[in-house]
Amino acid sequence: MIPPPGPTFSRLYSDAVIPLLLLWVSVFAVRKLWNVYSDKTTPLTGPHNPSLMFGLHRQLNESDDAGVIYEGWAAKYGPAFRVPGGFGSSRVVICDPKANAHFYSKETFGYIQTKLSRVFIENLFGRGLLWAEGESHRRQRKALSPAFSNAAIRKLTPIFYDSAYKLKGIWDTALDANFGDSIFDVQIWMNHISLDSVGIAGFGHDFHALDGKDSPVVEVFNSFSSGNTSVLSHFVFLMGPVLPMLMNLPTKRNRMFKRLRTTMGGIADELLARNRGEKAGKPSLEDKSIIGLLVKAESATSSLGMSQEETLAQNVLLLAGYETTSISLTWALIELSRKPEKQEKLREELSGFVGTDPTFDQLSTTLPYLDSVVQEVLRLHPPVTETTRIAAEDDVMPFSVPITTSTGKSISSLVISKGTIVTSPIRFMNRSEEFWGPNAKEFEPERWLDDGTYSGAKEIQGHRHILTFSDGPRTCLGKSFALAEFKSVLSVLIRNFIFEFPEGPNTKIGKHRSILPRPKVAGEVGAKVPLRVRRVE
């Protein structure tokens, strides 16, 4: 006699999962109703919600320029408005310089990272500087700050030049084989040069990305530029702001992030062990490298002592330096290829350096057009396009211009309730015609040579009146590092090579979605930017 079949998988799934899902929906609905009831945030108008599931997150994410969308909303609803998210969630967007200055000044204590951000960062890096808030953030930042002083960066500048000249040698060989004219995907080469530079300068480790050496780190970083993203990964990315728990699902993208964390954790552990051995019995106060400071901060005698978990999690600095600098260098070559007359103007300024390179101090103070090109790229194309935080306490946010509430009342400050999500739209603030004039969205380095051409932007706090490096307690720790690397590499490339689009300067540039959005030539699969490269005669 054949026994009756046991419960099927689908029956077990229904019996176990569906009740849990219904329970979660019920709890979610109750929490939303309570939040609405207890929310004392000033009522604001804003755009209509087109989707119960995604809100406007999908539209903003899939747009080539979310800053333009924010600019349209600011013109319609004023300097503060609500943007709907999925399942009844929403956030307040602030488009006013005074409000943004207040917002950034209260980061880590008054405004902290959202649950989504913390889950994402912890999954990818662990509980390091980027994850930390409050006193933990202050302590870790103080421990690492000496590695990013001007004195420390001055000593690291030759490393940036070494990587740039290694790339020059590789390209020269290819040009010799192709009669002086080749097409290179400059994005992948900027990735390699940035990874090698940051690895050596910050961690004393050469990844040999420029040499074509295979390594798990290079492989994972290269995968960020591929166009192969699963439907499930895309869905999780869109729903993450509403359901942070989805970031723990084993999607292809999440598995890739887990592999990166495991690989980087292994490398960090190996480097720390090596440096611990080298420092044994020797004073470590003289070592100003990132890895040396981590060893020092890990010691029990240091007042800035970090736990082993915090120490290993500082590999976030590698990814931060790699992503932002490689993206910015790629955008610089794109913009200079779009406007060859500005490329030639920069080359002319650098022509005095024959057989030598600008020193750190010359890069910082005596090359005004190089500085202008770099600042304009950072203004137009901030790698991080917005900052979103959640209020850890009730707050009153001042504005420089009146706000009109949803009831029609005109006010000069905004009441923010604890738990309210607030967004600073960096790309909008950097590119708004209100602050930067009618040519705000054009690549015009000359604006930085004439203080009068962007007088409206002077109301914006932050490095050189842009928010690319954030501001306040969380202002970018590696700002000087990034600027020195950016200028060093760009000076070598422009002195030695001419860059052009194969299809002409009007080539359309699109957006590739990755950890940070990357440029791509429209029609290319993945984040590819092919440019024709010739030697400067």
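Described below are features of the structure shown in this document. Keep in mind that what you see is a predicted model, and the values were worked out from it rather than measured.

1. As for helix α5 (residues 115-124)
- Taken residue by residue, α5 has Leu116, Val119, Ile121 and Leu124 as its buried positions.
- One or two positions beyond α5, positive phi appears at Gly126, with a value near 100 degrees.

2. Comments concerning the sheet that holds strand β9 (residues 497-500)
- Pairing within the open sheet is antiparallel, and its three strands lie in the order β4-β12-β9. Across the chains shown, the open sheet's two edge strands, defined by having one partner strand only, are β4 (181-185) and β9. Each neighbouring strand pair of the sheet contributes to a mean axis angle of 35 degrees, computed without reference to strand direction.
- Relative to strand β12 (residues 530-535), β9 runs antiparallel, the two being bridged by four bridges.

3. Observations regarding the nonpolar core
- Grouped together as the largest cluster of nonpolar side chains are 89 residues, with contacts concentrated most on Trp171, Met397 and Leu490.
- Once residues within four sequence positions are removed from consideration, Met397 is found in contact with Ile94, Ala99, His102, Phe103, Tyr111, Ser413, Leu414, Ile416 and Val422.

4. Quick notes on unusual backbone geometry
- In the Ramachandran plot, Thr108 falls in the positive-phi region, its phi being about 80 degrees despite a non-glycine side chain.
- Tracing the backbone shows Thr108 in the loop between α4 (97-105) and β3 (111-113).
- With relative accessibility at 5%, the residue Thr108 sits in the buried group.
- Although it is not a glycine, Ser470 adopts a positive phi angle of roughly 65 degrees.
- Take Ser470: it is sitting in the loop between α19 (433-436) and α20 (479-496).
- Looking at Ser470, the relative accessible area reads 14%, which means it is buried.

Conventions and cut-offs
Starting from 1, residues in each chain are numbered consecutively following that chain's sequence as written. The predicted origin of the model limits local features to residues at a pLDDT of at least 70 and limits the giving and counting of side-chain atom pairs to 80 or more, whereas totals for whole chains, interfaces and linings rest on all residues. Excluded from the side-chain calculations are hydrogens and water; all other atoms, namely the structure's heavy atoms, are used. Residue burial is assigned from relative accessible area. The probe radius is 1.4 Å, only protein chains are included, and a residue is buried under 20% of its type maximum, exposed over 50%, and partly exposed in between. Helix and strand assignments follow DSSP, with helices taken as H or I runs no shorter than four residues and strands as E runs no shorter than two, numbered in order from the N terminus. Should DSSP find at least two bridges between two strands, the strands are taken to pair. The axes are straight lines fitted to the C-alpha atoms, using for helices just the contacting stretch, and the angles between their N-to-C directions are given from 0 to 180°. Here, the term nonpolar core denotes a set of buried Ala, Val, Leu, Ile, Met, Phe, Trp, Tyr and Cys residues that are joined through side-chain atoms within 4.5 Å. We call two residues in contact when some of their heavy atoms are within 4.5 Å.

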